[in-house]
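Remarks on the overall topology
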Amino acid sequence: MPVRSDRVYVLGRDDADGDGDEPTPPAGSGPADSCPPHTARIGSFLARDGSAGAPLGVDLDRPHAGVVFGKRGTGKSYTLGVLAEEIADARGVAPIVVDPMGVFGGLTAAGGRVVEPAVRPASIPPSAWPELLGLDPASGPGSLVWRVVADAVEDGRGDAVDDPADEPSSPSLATLREAVAAADAPAATRRAAANHLRLASSWGVFDADSPPVSSLAADGNPAVLDLAGVPDAASAAVVRAVARGLYDARVAGDRSRLPWLLVDEAHAFFDGVADPALRTLLTRGRAPGVSLVCATQRPAALPSVAVSQSDLLVSHRLTAERDVNRLAEAEATYLGGDLSSRLPEGVGEALVVDDATETAHTVRVRERRTPHEGESPRASRSFDAT
Ligand SMILES: Nc1ncnc2c1ncn2[C@@H]1O[C@H](COP(=O)(O)OP(=O)(O)OP(=O)(O)O)[C@@H](O)[C@H]1O
């Protein structure tokens, strides 16, 4: 078969080398002279001698689900940042980055915006509020919170603003606390419910007047949701609201650009209130055009569905057997053999699995164009290092 080292090989596209023929396996090296439209050019294939081979792209024309795996320091966040840069440059798509460690601020150099996470209380369904507040839904305070949120959201339904892209109005946490105080329930139950709602106010992520989720990155420039220092439960609430909000906005036709939700440290969000919304994107997100890419250093902590639904798999080095086993769940026969020995050693190097063409290749992710802020601190570079 001829070697087409001049072509960008596109992951996630049936016609992977974009020439209208059967896909050609990448090999060898050589300059790239063509990049099909709607392609994220994320790196190049790694030749056996360690040199850069044919350029590698990821399809941005259609929605996808993907995972980026790798143990600490192997380049996951960096790879997610490269993908965000490429999505920012492409037409018709928009990257929204969930940034739990505060390392994606450099995307402002690509026109991005670091967004203070703020979501409307009504974006969390009433049934999820007890769990969000750490209350048993069957307990007095848990069921009171559930009922109060349900009533307040129902009351606000009629207030939907004229703008069709807007979301229905939301009660504030103060309104919810007032409703709890006025509820027909024992004083101890009301007190416990109010205390939990007060705690949620202290997280600082709930704002009844926050802009609708559908407006995030609506212009195509990256939106970075900076969750560094935000409590886990609050971060989960933000991810749920954003994931579900993007899905609903596309279903309702309120967003023209196809959103790509890029979630770093994704394992943390499959264990709480964000889980159902992320699963919705994995299983049903592609129909309305929402892509989800989950990056994690702990693949074993992701549900199986994250791998089984992903048509783009990028794995940097993994060593723990349970993590390699999760990757093996891709059930790709072409992955066979000793998977851990196929994972490349070098930082920024990865094995990519392409479901569309049923192939797996070793690649090197390109360098970032914007600053990456995930550098580990080095004693030798500190001010007092003398
Ligand atoms: N493709 C690449 N090209 C050049 N340097 C890279 C590449 N990928 C990663 N690096 C370097 O490796 C460092 C670690 O990468 P990164 O922060 O993405 O690690 P990580 O796998 O996300 O680790 P952690 O789990 O600790 O966040 C980066 O700061 C960067 O210096």
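What you see is a predicted model; the values in this text were computed from it and never measured. (Residues numbered from 1 in each chain as written. Predicted model: local features only at pLDDT ≥ 70, side-chain atom pairs only at ≥ 80, totals over all residues.)

What about unusual backbone geometry?
What counts here: Under the scheme used here, helices are H or I runs from DSSP no shorter than 4 residues and strands are E runs no shorter than 2 residues, and both carry numbers assigned from the N terminus. For every residue, the other C-beta atoms within 10 Å of its own C-beta are counted; 20 or more classify it as buried, 12 or fewer as exposed, and values in between as partly exposed. C-beta atoms are placed from the backbone.
Even without glycine at this site, His-38 takes up a positive phi of about 55°. Counting through the fold element by element, His-38 comes out in the loop between strand S1 (9-11) and strand S2 (39-46). Exposure remark for His-38: the 19 C-beta atoms within 10 Å place this residue in the partly exposed category. Not every positive phi belongs to a glycine, and Ala-217 is a case in point at roughly 50°. Locating Ala-217 in the fold gives a position in the loop between helix H5 (187-203) and strand S7 (223-226). C-beta crowding within 10 Å serves as the criterion here: with 25 such atoms nearby, Ala-217 is assigned to the buried category.

Some details on the site of the ligand
Quick reminder of the rule: Using the backbone to place each C-beta atom, any residue with that atom within 6 Å of a molecule or strand is considered near it.
Taken together, 16 residues lie near the ligand, and Gly-75, Ser-77, Tyr-78, Gly-348 and Gly-374 sit nearest. For the shell around the ligand, the leading source of residues is helix H1 (residues 76-89), giving three residues.

Focus: H1
Test applied: One fewer than the residue count of a helix, multiplied by 1.5 Å, yields its expected span.
For H1, built from 14 residues, the straight-helix expectation of 20 Å at 1.5 Å per residue is met to within 8% by its first-to-last C-alpha distance of 20 Å. Burial analysis of H1 places 13 of its 14 residues in the buried class, which makes it a mostly covered element.

Some remarks on the domain arrangement of the protein
Basically, it comes down to this: Note: domain ranges come from an automatic or database domain assignment. By the convention adopted here, residues make contact when the C-beta atoms placed from their backbones lie within 7 Å. Charged means Asp, Glu, Lys or Arg here, nonpolar means Ala, Val, Leu, Ile, Met, Phe, Trp, Tyr, Cys or Pro, and polar covers whatever is left, Gly included.
As far as domains go, the protein holds domain 1 (9-119 + 210-381) and domain 2 (121-203). Each side of the interface is counted separately: domain 1 has 15 residues, and domain 2 has 10 residues. Residue composition of the side of domain 1 that touches domain 2, grouped by class: 10 nonpolar, two polar and three charged.

Quick notes on the sheet that holds strand S10 (residues 312-315)
Under the convention used in this document: At least two DSSP bridges between two strands are required for those strands to pair. Whenever a helix is involved, its axis is fitted only over the stretch in contact; in every case the axis is a line through C-alpha atoms, and angles between N-to-C directions fall within 0 to 180 degrees.
Overall, mixed pairing links the 12 strands, which are arranged S1-S3-S2-S12-S11-S10-S4-S9-S8-S5-S7-S6 in an open sheet. Looking at strand neighbours, the two that pair on one side only are S1 and strand S6 (113-115), the edges of this open sheet. If you compare each strand with its neighbour and ignore which way they point, the axes differ by 30° on average.

With respect to the pairing of S2
The buried fraction of S2 amounts to eight of the eight residues, a majority that puts the element mostly inside the structure. The pairing of S2 with strand S3 (residues 52-59) spans six bridges and is antiparallel. Opposite Gly-43, over in S3, you have Leu-56 as the bridge partner. Between S2 and S3, which pair antiparallel in sequence order, lie five residues; one of them, Gly-50, sits at a positive phi of approximately 90°. With three bridges joining them, S2 and strand S12 (residues 359-365) adopt antiparallel strand pairing. Residue Phe-45 lies in a different strand from S12, and its bridge partner there is Val-363.

Things to note about the packing of helix H6 (residues 232-251) against helix H7 (residues 275-284)
So the rule is basically this: In a left-handed crossing the near helix is turned counterclockwise from the far helix by less than a right angle, and in a right-handed crossing that turn is clockwise.
Where H6 contacts H7, the axes come no closer than 8 Å and their chain directions differ by 35°. Crossing of H6 against H7: the hand is left-handed. Along its contact with H6, which presents Arg-240, Ala-243, Arg-244 and Tyr-247, the element H7 presents Ala-277, Leu-278, Thr-280 and Leu-281. Grouping the constituent residues of the contact of H6 with H7 by class yields five nonpolar, one polar and two charged.

Side note on the packing of helix H3 (residues 140-156) against helix H4 (residues 173-181)
For clarity, the threshold we go by: Any angle that is under 35 degrees is reported as roughly parallel, and any over 145 degrees as roughly antiparallel; angles of 65 to 115 degrees are reported as roughly perpendicular and all others as oblique.
Across the interface, H3 lies against H4 with an axial gap of 10 Å and an inter-helix angle of 120°. Here H3 lies oblique to H4, going by the angle between them. Once H3 is placed against H4, the crossing between them reads as right-handed. Contacts between H3 and H4 involve Leu-144, Val-148, Val-149, Asp-151 and Ala-152 on the former and, on the latter, Thr-175, Leu-176, Ala-179 and Val-180.

Section: the pairing of S7
The sheet contact formed by strand S5 (residues 93-99) and S7 spans four bridges and is parallel. Each bridged residue has a counterpart across the sheet, and for Val-98 the counterpart in S7 is Leu-225. Two strands pair when backbone bridges link them, and S6 and S7 are joined in this way by three bridges, in the parallel orientation. Bridge pairing in S7 places Val-115 opposite Leu-225.

Focus: the environment of Leu-278
The topology assignment puts Leu-278 in helix H7. Distance in space between the C-alpha atoms of Leu-278 and Leu-292 is 8.0 Å, their sequence separation being 14 residues. Leave out the neighbours within four places in its chain, and Leu-278 touches Ala-243, Phe-269, Phe-270 and Leu-292.

A look at the confidence of the model for the protein
Reading fine detail from the predicted coordinates is not recommended where pLDDT is low. The cut-off we apply is this: Confidence of the prediction at every residue is given by pLDDT, a number between 0 and 100.
Per-chain confidence: the protein averages 88 in pLDDT, with 85% of residues scoring 70 or above. Note on residues 25-33: pLDDT is under 50 here. Beyond four places in sequence and across chains, it has 26 contacts. Contacts from residues 160-165, a stretch scored under 50 in pLDDT, to residues over four places away or in other chains number seven contacts. In the predicted assembly, ipTM is 0.97 and pTM is 0.91.

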